[in-house]
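Observations on chain architecture
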Amino acid sequence: MSMTPATPTQLKTKAEAAYAEQFESALAGLPGAADARRAAFGRFTAQGLPHRRLEEWKYTDLRAAVKEALPPAPAAKAVVAANEVTAALGPLAVIDGPRLVFIDGHFSAEHSVASAIAGLSIATLANAAGASAPAGDVPATVALNHAFASDGAVVEVMAGAKPTGSLVIVFLSTAVRPATITTRNIIIVGADAAASVVEIHAQIGTASTHTNTSTKLQIGDRAVVDHAKVIIGASGAIHLANWDVSIGIDALYRPAQLTPSCGLARHDVNVTLNGRNGKLDFSGIALGRGSDHIDTTMVIHHVAPGCESRELFKTILDGNARAVFQGKVIVDKDAQKTDGKQMAKALMLSPNAEFDSKPELEIYADDVACGHGSTCAEIDPDLIFYCRSRGIPEAQARALLLESFVGDAIDMIDRPDIRRAFTEIAQAWLTHKSA
Amino acid sequence: MLEIKNLHVKLADEEKVILDGLTLSVPKGEVHAIMGPNGSGKSTLAYVLAGRPGYEVTDGDILWNGESVLEMAPDERAAAGIFLAFQYPMEIPGVAGLTFLRTAVNAVAKKRGTKELTTPEFMKLVKAKGAELNIDVEMLKRPVNVGFSGGEKKRSEILQMALLAPSLCVLDETDSGLDIDALKVVSDGVNALRSKDRAMLVITHYQRLLNHIVPDRVHVLAHGHIQKSGGKELALELEKSGYAEYKSKAA
Ligand SMILES: Nc1ncnc2c1ncn2[C@@H]1O[C@H](COP(=O)(O)OP(=O)(O)O)[C@@H](O)[C@H]1O
Ligand SMILES: [Mg+2]
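In this report, the structure presented in the accompanying data block is examined.

The rules we used
In every chain, residue numbers begin from 1 and rise along the written sequence. Going through the entries in the order they are written, you letter the chains from A and number the ligands from 1. Residues qualify for local features only when their pLDDT is at least 70, as the model is predicted, and side-chain atom pairs are given and counted only at 80 or more; totals for whole chains, interfaces and linings, by contrast, use all residues. Side-chain metrics rest on all non-hydrogen atoms present in the structure, leaving aside hydrogens and water. Water is not part of the atom set, so a site may look incomplete; the donors themselves are N, O and S atoms within 2.8 Å of the metal, or 3.2 Å for Na, K and Ca. Helix and strand labels come from DSSP, where a helix needs a run of H or I of at least four residues and a strand needs a run of E of at least two; each type is numbered from the N terminus. Only protein chains enter the calculation, and the probe is 1.4 Å; a residue is then buried if its accessible area is under 20% of its type maximum, exposed if over 50%, and partly exposed in between. Cavity means a closed set of points on a 1 Å grid over the protein atoms alone, one where a 1.4 Å probe fits but cannot get out, pocket means an open set with protein on both sides within 12 Å along at least 5 of 7 lines, and lining means a residue has an atom within 4 Å of a point. Grid points are joined across faces, edges and corners, and a volume is the space filled by probe spheres set on the points. Basically, the charged four are Asp, Glu, Lys and Arg, the nonpolar ten are Ala, Val, Leu, Ile, Met, Phe, Trp, Tyr, Cys and Pro, and anything else, Gly included, counts as polar. Here, a salt bridge means any side-chain nitrogen of Lys or Arg that lies within 4 Å of a carboxyl oxygen of Asp or Glu.

This part covers the coordination of the magnesium ion (ligand 2). Residues and elements named next belong to chain B. Coordination sphere of the magnesium ion (ligand 2), protein contribution only: Ser43 (OG) and Gln87 (OE1), at 2.1 to 2.3 Å. In this pair, Ser43 is assigned in helix 1 (residues 42-50) and Gln87 in the loop between strand 6 (82-85) and helix 3 (97-112), connecting sequence segments 44 residues apart. The buried category is assigned to Gln87, whose relative accessible area is 13%.

Structure below.
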């Protein structure tokens, strides 16, 4: 008898199996069409949790990291006081504009401030028509998001509207028991509109949480969109985020991300430049210490000609922290005159920290200017000496040099109130370091 | 008064000895020049005075106002009044000159127990010093020394020196890389800071600078220590004969 190798069965991890059970019992309570959610969960089951043998997840083995599927967070039972929300937002509390607050993945009318604003239509996923899980292939983490999303912001900025201030979307976790919070946002910005969106993930609960959040953003022709994202006050958690953005003709998109110490974070940022002369200006800051793991994986897809994309990514790492920056730029055959530049710089404060930078260019057009660079260094001791020789004490000199290192990424932010909040959050992280 | 006594310096992580018994005193109110061939250890002396890591003092001492500075950190020395104008001033991308200087001035004020300056007070001081030294303070809006010409870097050092109000100024090859106009601005600046409460050590390879900053005494440094000291005429002698005499001694 010959030895026929057993057909490999798709072995589920304990977490994957638990997700299936949780999905069945959660489904009835989730908004939108059940069939669409089932289909989304099916897409997740077919792929399973991504692992390091997948190129895009080479540096972040999610299958290994998600040891346990934390149950979906129940709607908060305890009353959350307004000053608790303010405290959790820290320097971000002063950002001016309408505010949508989701507590443990559920909209909180009490904490939201969104009176009718001309040109702005605000709804939530839980009661928006047409917010069912979309069909079509998506990566496993997004499929999981579509299956479990309990709520999120559904916003439309009407054509030509230029609401003042920023639309602040707050996701607050109050969980005292380990839980997963899954939210999904849909933002549509009409032609000739100008809008600023600030997405904040904050925590007042003590439990470790898993967050899975997705944002679909569609930017109309000639629109200008600022989009800031910050994780604040989180620790020992897993944060998975997926942005899917399309940019129209002559439109400008300026995303800025700040990720200070939050356990494991994975940001997938997918931007498609669909219209002629569209522009992307991305700035990202990752600050890690201890065993933080911050992975930012971007795919910039130039479909239309004459577009410009810029990514500046700054990382400071201490302890055993690790950061990953994968930046893939795809230039289609028709996307002539593409101008794409990418820069990733890391400062290492500890010999045990690790920075993995992987730029990738996939160019099918012949008339393009694309480039990328990456550096990884320690703080220059000569510069510290120069500062000290002018009377600046060592700790202050280090803080000054670190601030200046992330400063140019913060300077790319257009709105002064957001810039100030980013600066303060970064400084708070840095002083903890140099204190 | 600065007193350098039998100073021996080697590189911290190499066996190379750079200074081997340098002795020198500069009283307050005087300007002394140190001249010497390239590689004779002039910059090393300047760095050791300022406390740069990487050098090890194996013997001797440096006293400033009667106290040894060897155990003091570079920022403590700055607070004690020691200022080094670098031969190659460093560039600090991302830190505006004004931020840098304000941080420095206030850090020093704090340590000296004097009043820290508010932004308007600081700006007023910067403008006043700039006008006094004939230095355009616009350059302080740019990141420290980034993209500066050689002349701008040296002007920026002199302005920093004036703002930190040191009592011991060490100027390392302040003339290098300067055209004649820049040389004049820089040396006028240094001369403006001459005072009876201040000691100055002007390090240079060439006699040229000493036409503008006339020293009280000149010392020749070669082979790790002072070979000869004299009045300002010693610089002129060196200009004629060169350093051949001091170089050959090595053979
Ligand atoms: N940090 C250093 N590392 C290696 N060599 C050094 C260092 N500093 C000084 N030296 C060496 O010591 C000697 C004196 O240098 P330096 O003090 O710069 O002289 P000068 O300023 O008179 O030209 C030179 O041979 C130089 O190469
Ligand atoms: Mg030198």
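Take the layout of surface pockets next. All names here are of chain A. Empty space within the largest pocket amounts to approximately 760 Å³. Elements with a contribution of two residues or more to the lining of the largest pocket: helix 5 (140-148), strand 6 (179-189), strand 8 (209-219), strand 10 (238-247), strand 12 (264-273), strand 14 (293-302), strand 16 (322-331) and strand 18 (354-363). For the lining of the largest pocket, the leading source of residues is helix 5, giving four residues. The residue makeup of the lining of the largest pocket, split by class, is 14 nonpolar, 16 polar and 11 charged.

Here the focus is the pattern of salt bridges. Summed over the entire model, instances satisfying the criterion amount to 34 salt bridges over all chains. With a closest N to O distance of 2.9 Å, Lys341 of chain A and Asp339 of chain A form a salt bridge. A salt bridge links Asp75 of chain B to Lys111 of chain B; the shortest N-O distance between them is 3.1 Å. Placement of Asp75 of chain B in helix 2 (residues 74-79) and of Lys111 of chain B in helix 3 is noted, with a sequence separation of 36 residues between them. A residue is classified by how much of its surface remains accessible, and Asp75 of chain B, at 5% relative accessible area, is buried. Take Lys111 of chain B: its relative accessible area is 39%, and that puts it in the partly exposed class. The network of salt bridges with shared partners includes Arg388 and Glu394 of chain A together with Asp75 and Lys111 of chain B.

On their own, these measurements won't tell you what the molecule is for.
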